[in-house]
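Observations on the model geometry
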Amino acid sequence: MKVTIVGAGAVGASCAEYIAIKDFASEVVLLDIKEGYAEGKAMDLMQTASLNGFDTKISGTTGDYSKTANSDIAVITSGIPRKPGMTREELIGINAGIVKDVATNLIKHSPDVILIVVSNPMDTMTYLVHQVTDLPKERIIGMGGALDSARFKYRLAEALGAPISDVDGMVIGGHSDTGMVPLARHATRNSVKVSEFLSADRLSQVVEDTKVGGATLTKLLGTSAWYAPGAAVSALVQAIACDLKKMFPCSVLLDGEYDLNDICIGVPVILGRNGIVKIVEIDLDKAEKAKMQESAEGVRKTNGLLQV
Ligand SMILES: NC(=O)c1ccc[n+]([C@@H]2O[C@H](COP(=O)([O-])OP(=O)(O)OC[C@H]3O[C@@H](n4cnc5c(N)ncnc54)[C@H](O)[C@@H]3O)[C@@H](O)[C@H]2O)c1
């Protein structure tokens, strides 16, 4: 199993580290345009192998796509991250050009690849990859909801005073501060609805804290986060590589599901060896459906800024 990660920055390197530590891939290739950067990150990571006990071979390259040939899975994290006060949507100008170029180059060397798009604004970048490549829709997956759901579970556990392993919850919708739809009504603590433990006010605070989860970290760190994003991407890569048929909310091209068409937005999907095995349609109530449609409007507005 060969995995390529384009962009050896904060998220790309963190993703490579988690993949290596889980030791399910034979090879991870890091590619960056900054001279020597991917090679340096790969060497540093390889020097953790004997300490962390993995056999995954990590290598780096400055822009040589022939080194990525025959990748089974490729992750696109190349592009600029946001700075404090910026929205993800403001990154579109620079990142669209980078993502288009990277996706095209990857496919030239790995026509059967499954692409995971991470660069922001992620839903629009995922849609862009559909527009500029001929890959079947099952093989283009945007990562956002897996991270947002992990942040939701963190906030739920905090509010409940419970261990995170007790908590389950999911965030669907667009990967933006205003577009996320944390499904509070469906969240549980060991199968019991969290609304049995938390007041409506506390639960809406959890929802609001989840939606600004990325912005909160960007303010603290001066750039966007990388540990949880890297871990979330590695979880998707593992589900595909190991054919786990696990369910994650991912940004995927919809064709009537959730009453939406011609848009990439976060919905629950089952992931397996060929990418998206199934889009899962869950029962949303009237308010949740309205939030999902509103979220889609926001994503469409950003898609409208694309110049393909
Ligand atoms: N989808 C999500 O949930 C999520 C979470 C966190 C970050 N992000 C996004 O991921 C992206 C990366 O974030 P980061 O913190 O790792 O940024 P970073 O600046 O640390 O790393 C980005 C890397 O991309 C490289 N790069 C730029 N253009 C390239 C090209 N054409 N080819 C190859 N490499 C190129 C840069 O040299 C840099 O090393 C940002 O757009 C960020 O907003 C998304």
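From a predicted model like this one, the values you see are computed outputs, not experimental measurements.

Along its sequence, the protein chain is organised into domain 1 (2–144) and domain 2 (145–303). For domain 1 and domain 2, the distance between their C-alpha centroids amounts to 22 Å. Taken residue by residue, the interface counts 38 residues in domain 1 and 50 residues in domain 2. Buried area between domain 1 and domain 2, summed over both chains or domains, comes out near 3,600 Å², and the portion from carbon and sulfur atoms is 64%. The partner of Arg-82 in a salt bridge is Asp-177, with the nearest N and O atoms 3.6 Å apart. Those elements giving two or more residues to the side of domain 1 that touches domain 2 turn out to be helix 1 (10–22), strand 4 (73–76), strand 5 (114–117), helix 5 (122–132) and strand 6 (140–142). Take the side of domain 1 that touches domain 2: its biggest share by element is seven residues, from helix 1. When grouped by side-chain class, the residues that make up the side of domain 1 that touches domain 2 number 21 nonpolar, seven polar and 10 charged.

Glancing now at the packing of helix 6 (residues 145–160) against helix 7 (residues 200–211). Closest axis-to-axis distance for the helix 6/helix 7 pair is 9 Å, and the angle between their directions is 145°. For the crossing formed where helix 6 meets helix 7, the hand is right-handed. Along its contact with helix 6, which presents Asp-148, Arg-151, Phe-152, Arg-155, Leu-156 and Ala-159, the element helix 7 presents Arg-202, Leu-203, Val-206, Asp-209 and Thr-210. Broken down by class, the residue content of the contact of helix 6 with helix 7 amounts to five nonpolar, one polar and five charged.

All right, on to the UniProt feature "domain: Lactate/malate dehydrogenase N-terminal" (unreviewed entry) in the protein chain then. Mapped onto this structure's residue numbering, the UniProt feature "domain: Lactate/malate dehydrogenase N-terminal" (unreviewed entry) falls at residues 1–142. The distance separating the terminal C-alpha atoms of residues 1–142 is 20 Å; by composition the span is 39% helix and 20% strand.

Moving on, we get to the UniProt feature "binding site: substrate" (unreviewed entry) in the protein chain. UniProt tags Arg-82, Arg-88, Asn-120 and Arg-151 as "binding site: substrate" (unreviewed entry). With respect to the helices and strands, Arg-82 occurs in the loop between strand 4 and helix 4 (92–109). If we skip the residues at most four places from it in the chain, Arg-82 touches Thr-87, Arg-88, Leu-91, Asp-177, Gly-214, Ala-215, Thr-218, Thr-223 and Ser-224. At 3.2 Å, the side chain of Arg-82 and the backbone oxygen of Met-86 are in polar contact. Judged by relative accessible area, which is 18%, Asn-120 ranks as buried. In this view, Asn-120 contacts Arg-88, Leu-91, Asn-95, Met-125 and His-175; residues no more than four positions away in its chain are not counted.

The rules behind the values
Residues numbered from 1 in each chain as written. Predicted model: local features only at pLDDT ≥ 70, side-chain atom pairs only at ≥ 80, totals over all residues. Heavy atoms only, no water. Domains from an automatic or database assignment. Contact = heavy atoms within 4.5 Å. Buried area = accessible area lost by both parts, 1.4 Å probe. Salt bridge = Lys/Arg side-chain N within 4 Å of Asp/Glu carboxyl O. Helix = DSSP H or I, 4+ residues; strand = E, 2+ residues; numbered from the N terminus. Nonpolar A, V, L, I, M, F, W, Y, C, P; charged D, E, K, R; others polar. Axes fitted to C-alpha atoms, helices over the stretch in contact; angles between N-to-C directions. Left-handed = near helix turned anticlockwise from the far one by under 90°. UniProt positions renumbered as here; feature names shortened; annotations may be inferred. Polar contact = N/O pair within 3.5 Å; in protein donor to acceptor, adjacent residues only side chain to side chain. Buried < 20%, exposed > 50% of the residue type's maximum accessible area, 1.4 Å probe, protein only.

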